[in-house]
Amino acid sequence: MTSSDWDSMDGDQKLERARALADVTGELERYVQLSHEQAGTIAHYKKMYDRASSLARIGVWECDLANEQLTWTDGVYDLFELPRGVPVVRPDIVAMYDEESRGEMERRRAEAIRDGTSFAIDVRIKTARGNLRWLRLTADIEKDETGAPVRIFGSKQDITEQKAAQEKVEMLRAELIHLSRRSAMSAMATTLAHELNQPLTAIGNYVAGTRRAMIDGNLAPEELERSLSAIEECAFGAGDIIRSLRQMTSENPTERRVIDPNVVIREAATLATVGAGGVSRLRYDLGADLLIWADPIQIQQLVINLIRNALDATAATPEPSILVATGRENGMIWLRIDDNGAGIAPELSETLFDPFVTSRPGGMGVGLSVSRTIVEAHGGRICARNRPEGGASLHVSLPAADESWADLPSTA
Ligand code: ADP
């Protein structure tokens, strides 16, 4: 509008135009106000994000796949202890990962880009200031409209403290398992010594008898053969006990491997029932072709705990009987120990697997809690119930080892 347009207007027209202008100005003012508010909201959200990310020690990153250009939020700079905003070059950053983490991360990244999938891994880095840190890294793929991957993005969070706490818990758990093994061993020490003494004395007697017969010149070859077989049997019996003992007292945790649970159960039963009466109470109903991926010493300890509890529970039963059964169901290997003892006291039913729960005078109450720790660490479950016919039944299930693992080293 020119000034001559304005001049040619009458009063009403001028008023109307002035009103229209005022409306537009008002509209503009509202927009300015709104964008101020939005800028304020964005600044507020950024402040909230910065606070939350520094509290959670987390940052967000992305990488343009066309040129490998990295973009980080301040949180990621802080995690790597690099000055905020400095340009970051991917090969320099990848070099800060330890070798194993780097290999794993590059492999998972390549898979994610190839398949368009996301992933999460824990990696270890050495920061620019030389500190070692554990980071939890998550990553996802952004695709263009044709479905081609264009960007990889995700978060990085400092989990160093969680890792340290986790390692401590694992160390304490291993220590507790070892302590409970030692306590079971010391409880069995006297009977074990007695049990070992028997075959050794018998061997001595056979040797003395054979020597006497030889000196007297009346050692028939069949008699010599019989003595040697008896000596052999005693020596093997003692050897079995010593072998199981050596495992039980070993300080170091063993590796997991494919094992036949029945073999471990038999060994554990030898140790747990050593001494008068024990063996005769045990009956077996063991399934065929069972394999689990497990630490044999821990499984042995689990079975010893359960059998010793069943022995205790049946100590006063007139005709004590303990059934040890194994089988396979739905990809799980199960182990059941049934006894005809007094059954689990009702007041213990809720807390049976908690530490330091015991009804035995002098009992430590760690056997079942350690047993549960062992079972759960192997991805299994343990439960207890009283049998309708009397006595208790302890049921353990552990994931079966895959058929294809069968050619891995096995105790079977
Ligand atoms: P402890 O044997 O030192 O008492 P456990 O943790 O092995 O510790 O067992 C805890 C308690 O669970 C036992 O004191 C006993 O009361 C009960 N219990 C365990 N197994 C049986 C069983 N087979 N029959 C009856 N009670 C059992």
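Everything below is about the structure printed above this text.
For clarity, every value in this text was computed on a predicted model and none was experimentally measured.

How each quantity is defined
- The numbering scheme is per chain: residues are counted from 1 as the chain's sequence reads.
- Whole-chain, interface and lining totals are the exception, using all residues; otherwise, since this is a predicted model, local features are given only for residues with pLDDT of at least 70 and side-chain atom pairs are given and counted only at 80 or more.
- In computing side-chain properties, one takes all heavy atoms of the structure into account and sets aside hydrogens as well as water.
- Two strands qualify as a pair provided DSSP detects at least 2 bridges between them.
- Per the convention used, a helix needs a DSSP run of H or I reaching at least four residues, while a strand needs a run of E reaching at least two, with both numbered from the N terminus.
- For helices, the axis comes from a line fit to the C-alpha atoms of the stretch in contact; other axes are also lines fit to C-alpha atoms, and the angle between any two N-to-C directions lies between 0 and 180 degrees.
- We call two residues in contact when some of their heavy atoms are within 4.5 Å.
- We place a 1 Å grid over just the protein atoms. Points where a 1.4 Å probe fits but has no way out form a cavity, open points with protein on both sides within 12 Å along at least 5 of 7 lines form a pocket, and any residue with an atom within 4 Å of a point lines it.
- Grid points are joined across faces, edges and corners, and a volume is the space filled by probe spheres set on the points.
- Distances are taken per atom, and a residue is near a molecule or strand as soon as one of its heavy atoms is within 4 Å of it.
- Any N or O atom pair separated by 3.5 Å or less is treated as a polar contact, with the protein-specific requirement of one donor-capable and one acceptor-capable atom, and with residues adjacent in sequence counted only for side-chain atom pairs.
- Assignment to a cavity or pocket requires that more than half of a molecule's atoms be within 2 Å of the site's grid points.
- For this analysis, a salt bridge means a side-chain nitrogen from Lys or Arg found within 4 Å of a carboxyl oxygen belonging to Asp or Glu.
- Relative accessible area decides the class of each residue, using a 1.4 Å probe on protein chains only: under 20% of the type maximum gives buried, over 50% gives exposed, and in between gives partly exposed.
- Nonpolar cores are built from buried Ala, Val, Leu, Ile, Met, Phe, Trp, Tyr and Cys residues. Side-chain atoms within 4.5 Å join them into one set.
- With respect to orientation, any angle under 35 degrees is reported as roughly parallel, any angle over 145 as roughly antiparallel, any angle of 65 to 115 as roughly perpendicular, and every other angle as oblique.
- Should the near helix be turned anticlockwise from the far one by less than a right angle, the crossing is termed left-handed; should it be turned clockwise, right-handed.
- Gly counts as polar in this scheme, as do all residues outside two lists: the nonpolar Ala, Val, Leu, Ile, Met, Phe, Trp, Tyr, Cys and Pro, and the charged Asp, Glu, Lys and Arg.
- Distance thresholds for patches are 9 Å for like charges and 5 Å for nonpolar side chains (Val, Leu, Ile, Met, Phe, Trp, Tyr), applied to residues having over 30% relative accessible area and no salt bridge.
- In short, Shrake-Rupley with a 1.4 Å probe defines the accessible areas, and a residue's cover is counted only from the protein chains shown.
- An expected span of 1.5 Å times one less than the residue number is assigned to each helix.
- This arc corresponds to the set of directions leading from the helix axis out to the C-beta atoms.

Novice: Let's hear about the sheet that holds strand β7 (residues 282–285): which residues, and what values?
Specialist: With mixed pairing, five strands are arranged side by side in an open sheet as β7-β9-β10-β12-β11. Of all strands in the sheet, those with a lone pairing partner are β7 and β11 (381–386), marking the two edges. Sheet twist, expressed as the average angle between the axes of neighbouring strands with direction ignored, equals 15 degrees. Where strand β10 (residues 332–339) and strand β12 (residues 392–399) come together, seven bridges link them in antiparallel fashion. In the strand pairing of β12, Ile 337 is matched with Leu 394. Packed on one face of the sheet, helix α8 (residues 261–272) meets β7, β9 (322–329) and β10 and runs near 175 degrees to β7.

Novice: Tell me about the layout of surface pockets, and please be specific about residues and values.
Specialist: If you add up the space inside the largest pocket, you get close to 810 Å³. Together, 32 residues line the largest pocket, and Asn 309, Asp 312, Thr 358, Arg 360 and Leu 368 are the ones closest to its centre. Looking at the lining of the largest pocket, the elements with two or more residues in it are α6 (160–215), α10 (296–313), β10, α11 (367–377) and β12. For the lining of the largest pocket, the element with the highest residue contribution is α10, accounting for seven residues.

Novice: Before we move on, could you go through the sheet that holds strand β4 (residues 132–143) and cite the residues and values that matter?
Specialist: Read across the sheet, five strands follow the order β2-β1-β5-β4-β3 without closing on themselves; strand pairing throughout is antiparallel. Looking at the sheet topology across the chains shown, the edges are occupied by β2 (69–72) and β3 (119–126). Pairs of neighbouring strands in the sheet enclose a mean axial angle of 25 degrees, with direction left out of account. Against the sheet, helix α5 (residues 99–115) makes contact with β1 (58–64), β3, β4 and β5 (149–158), and its axis sits at roughly 150 degrees relative to β3, the strand it touches most.

Novice: Outline the site of the ligand, listing residues and values.
Specialist: The full set close to the ligand counts 18 residues, and Thr 358, Ser 359, Arg 360, Gly 365 and Leu 368 are the nearest of them. Here an oxygen atom of the ligand and a backbone polar atom of Gly 365 are 2.8 Å apart. Interatomic distance of 2.8 Å between a backbone N/O atom of Leu 368 and an oxygen atom of the ligand. Put simply, the ligand lies in the largest pocket.

Novice: I'd like a rundown of the pattern of salt bridges, residues and numbers included.
Specialist: Under the definition given, this model contains 25 salt bridges. Of the charged contacts, one joins Arg 151 and Asp 64 as a salt bridge, the two residues approaching to 3.9 Å between their closest N and O atoms. Of this pair, Arg 151 sits in strand β5 while Asp 64 sits in strand β1; the two residues are 87 residues apart in sequence, bridging distant segments of the chain. The closest approach of N and O atoms between Asp 98 and Arg 124, which form a salt bridge, is 3.1 Å.

Novice: Describe in detail the pairing of β5, supporting the description with residues and values.
Specialist: Note: β1 against β5, seven bridges, orientation antiparallel. From the neighbouring strand, Trp 61 faces β5, where its bridge partner is Gly 154. Linking β4 back to β5 in an antiparallel pair, the connection comprises five residues, with Gly 147 at a positive phi of about 95 degrees.

Novice: Pulling in residues and values, what's your account of the environment of Asp 295?
Specialist: If you trace the backbone, Asp 295 turns up in the loop between β8 (292–294) and α10. Among the residues examined, Asp 295 registers a relative accessible area of 4% and is labelled buried. Of note is the side chain of Asp 295, whose polar atom sits 2.9 Å from the backbone nitrogen of Ile 297.

Novice: Help me get a handle on the nonpolar core, residues and values and all.
Specialist: Across soluble globular proteins, you tend to see nonpolar side chains buried next to one another. Counting 40 residues, the largest nonpolar core has Ile 299, Leu 306, Ile 307, Val 324, Ile 337, Ile 382 and Val 396 as its most contacted members. Contributions of two or more residues to this core are made by α8, β8, α10, β9, β10, α11 and β12. Of the residues forming this core, the biggest block, eight residues, is contributed by α10. Excluding anything up to four places from it in sequence, Ile 307 contacts Ala 269, Ala 272, Thr 273, Leu 282, Val 324 and Ile 337. The next biggest cluster of nonpolar side chains, apart from the first, holds 25 residues, and it includes Leu 65, Tyr 77, Ile 121 and Val 123.

Novice: Lay out the packing of α8 against α10 in plain terms, naming residues and giving numbers.
Specialist: Where α8 meets α10, the closest approach of the two axes is 8 Å, and the angle between their N-to-C directions is 50 degrees. With respect to their mutual orientation, α8 and α10 come out oblique. Crossing angle aside, the handedness with which α8 passes α10 is right-handed. From α8, Val 264, Ile 265, Glu 267, Ala 268, Ala 269, Leu 271 and Ala 272 reach across to α10, where they touch Pro 296, Ile 299, Gln 300, Val 303, Ile 304, Ile 307, Arg 308 and Leu 311. Partitioned by chemical class, the residues of the contact of α8 with α10 number twelve nonpolar, one polar and two charged.

Novice: Provide a residue-level description of a nonpolar patch on the surface, including the pertinent values.
Specialist: A cluster of nonpolar residues, Val 24, Leu 28, Tyr 31 and Leu 34, forms a patch on the protein surface that exposes about 410 Å² of accessible area. Along the chain, the position of Val 24 falls in helix α2 (residues 11–55).

Novice: Just give me the short version of α5, but keep the residues and values in it.
Specialist: What sets the pattern is the α-helix's 3.6 residues per turn: residues three or four places apart point alike. Helix length check: α5 (17 residues) gives 24 Å between terminal C-alpha atoms against 24 Å at 1.5 Å per residue, within 8%. Buried within α5 we find Ser 101, Met 105, Arg 109 and Ala 112. End-on, the buried residues of α5 take up no more than an arc of 65 degrees, which puts them together on one face. Opposite the buried face of α5, at more than 90 degrees from it, the exposed residues are Glu 99, Glu 100 and Arg 114. Contacts made by the buried residues of α5 are with β1, α4 (90–94), β3, β4 and β5.

Novice: So, unusual backbone geometry: which residues are in play, and what are the values?
Specialist: Unusually for a residue other than glycine, Glu 81 sits at a positive phi of about 55 degrees. Within the fold, Glu 81 resides in the loop between α3 (74–80) and α4. Phi angles above zero are rare outside glycine, and Asp 289 is one such case at about 55 degrees. As for its position among the elements, Asp 289 is in the loop between β7 and β8. Note on Asp 289: relative accessible area 72%, which makes it exposed.

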